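So the chains spell out like this:
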Amino acid sequence: LAFGCPGVLAVLGLEAAALGECELTRLLQDKLQYEMRLQYMKHYFPIDYTVQVQYEEVLRPSNITRLRNGTVSEAALRYLWFHVSSQAVLRIREVLPEKHPSWKYTQELCQLFDALGKEYSKYRQTDVEAVVADLVKLVHSTGAESRRKAVRPKALLDNCLKVMRMLYGAPCEWGPW
């Protein structure tokens, strides 16, 4: 099944992040540097511009903490982060014309998510906790139009980076950022 960016395949990650995951998320972290997010997701958009996303497509560190306290596995949390984040990039791309200055940047993010999806492709969705599987279904459902909210593009990528650091920082031994 394709999720998020075109061609993204995703299933479940390992309990301890695989080496390929660490390399790819490190590349994503580099691509999501503050200056790049500010330039491509704020300065190149009109003032107060927002993207309509489903309520479940906003994944914050507090959501991860709550799920961890509910004993959701780290692998399932990375699985959820992958789906929500790739979907967030897709939502941003949907509003951009190809000649927009942020188009190439979002395309590069999609390529990294595509590669990350291939890392997960050997695992099954049925291996994640029900709460996470249900959230992923909601993220990819088309009938949830009534549960939409307006979010700034930069805020979506800010959350993507913060949660990624929470989930991959220790297992990938990134050290301080």
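Above this text sits the structure in question.
In this report, the structure presented in the accompanying data block is examined. (Residues numbered from 1 in each chain as written. Predicted model: local features only at pLDDT ≥ 70, side-chain atom pairs only at ≥ 80, totals over all residues. Heavy atoms only, no water.)

1. Observations regarding the state of the cysteines
Scanning all chains against the criterion turns up 1 disulfide. Put simply, Cys22 and Cys172 are joined by a disulfide, and their sulfur atoms are 2.0 Å apart. Taking the torsion about the S-S bond as the criterion, the Cys22 to Cys172 disulfide, at about -80 degrees, is left-handed. A residue pair is termed long-range when its members are at least 10 positions apart, and Cys22 in helix H1 (residues 19-31) and Cys172 in the segment after helix H7 (153-168) qualify at 150 residues. Judged on exposure class, the residue Cys22 and its partner Cys172 are both buried. (Disulfide = S-S within 2.5 Å. Helix = DSSP H or I, 4+ residues; strand = E, 2+ residues; numbered from the N terminus. Buried < 20%, exposed > 50% of the residue type's maximum accessible area, 1.4 Å probe, protein only.)

2. Quick look at the environment of Pro153
Looking at the secondary structure, you find Pro153 in helix H7. The class for Pro153 is buried, based on a relative accessible area of 2%. Separated by 108 residues in sequence, Pro153 and Phe45 have C-alpha atoms that sit 8.7 Å apart. In this structure Pro153 touches Met41, Phe45, Tyr49, Thr50, Val51 and Ile92, once residues within four positions along its chain are discounted. (Contact = heavy atoms within 4.5 Å.)

3. A closer look at helix H4 (residues 74-94)
Over its 21 residues, H4 runs 30 Å from end to end, which matches the ideal 30 Å to within 8%, given 1.5 Å per residue. Taken across its 21 residues, H4 has 19 buried, putting it largely inside the fold. (Expected span 1.5 Å × (residues − 1).)

4. Things to note about empty space enclosed by the protein
Taken as a whole and judged by the stated rule, the model has 1 cavity of 30 Å³ or more. Empty space within the largest cavity amounts to approximately 60 Å³. Around the largest cavity, the lining residues are Glu57, Val58, Leu59, Trp81, Val84, Ser85, Ala88, Leu156, Asn159, Cys160 and Val163. Contributing elements (two or more residues each) for the lining of the largest cavity: H4 and H7. (1 Å grid on protein atoms, 1.4 Å probe; cavity = no way out; pocket = protein on both sides within 12 Å on 5 of 7 lines; lining within 4 Å. Points joined across faces, edges and corners; volume = space filled by probe spheres on them.)

5. Topic: the packing of aromatic side chains
Aromatic ring pairs are described here by two measures, namely the spacing of the ring centres and the angle between the planes. Here the structure, examined in full by the defined rule, presents 6 aromatic pairs. Seen in terms of ring centroids, Tyr40 and Tyr105 are 4.5 Å apart; in terms of plane orientation they differ by 10 degrees. Their pairing is stacked. A residue pair is termed long-range when its members are at least 10 positions apart, and Tyr40 in helix H2 (residues 34-43) and Tyr105 in helix H5 (residues 103-120) qualify at 65 residues. Taking the relative accessible area as the measure of exposure, Tyr105 reaches 2% and is therefore buried. Taken together, the ring pairs in this structure connect Trp81, Phe82, Phe113 and Tyr168 into an aromatic cluster. Sitting over the face of the ring of Tyr168, Arg78 holds its NZ or CZ atom 5.6 Å from the ring centroid. When the ring centre of Trp103 is taken as reference, the NZ or CZ atom of Arg93 above it lies at 3.9 Å. (Phe/Tyr/Trp six-rings, centres within 6.5 Å; stacked < 30°, edge-to-face > 60°. Lys NZ or Arg CZ within 6 Å of the ring centre and 35° of its normal.)

6. Digging into the layout of surface pockets
Taken as a whole, the largest pocket holds about 280 Å³ of empty space. If you trace the largest pocket, you find it lined by Tyr55, Glu56, Val58, Leu59, Arg60, Asn63, Arg66, Leu67, Leu80, Val84, Leu135 and Lys149. Counting only elements with at least two residues in the lining of the largest pocket, the list comes to helix H3 (61-69) and H4. Looking at which element gives the most residues to the lining of the largest pocket, the answer is H3, with 3 residues. A class-by-class count of the residues in the lining of the largest pocket yields 7 nonpolar, 1 polar and 4 charged. Taken as a whole, the second largest pocket encloses approximately 170 Å³ of empty space. Taken together, Met41, Lys42, Phe45, Pro46, Ile47, Asp48, Tyr49, Arg152, Pro153, Lys154 and Ala155 make up the full set of residues lining the second largest pocket. Sorting the residues of the lining of the second largest pocket by element identifies H2 and H7 as the ones contributing at least two each. (Nonpolar A, V, L, I, M, F, W, Y, C, P; charged D, E, K, R; others polar.)

7. A look at unusual backbone geometry
Of note in this structure, Asp48 is not a glycine but carries a positive phi near 60 degrees. Residue position: Asp48 is located in the loop between H2 and strand E1 (51-54). Despite not being glycine, Thr71 shows a phi value in the positive range, around 60 degrees. Relative to the elements of secondary structure, Thr71 occurs in the loop between H3 and H4.

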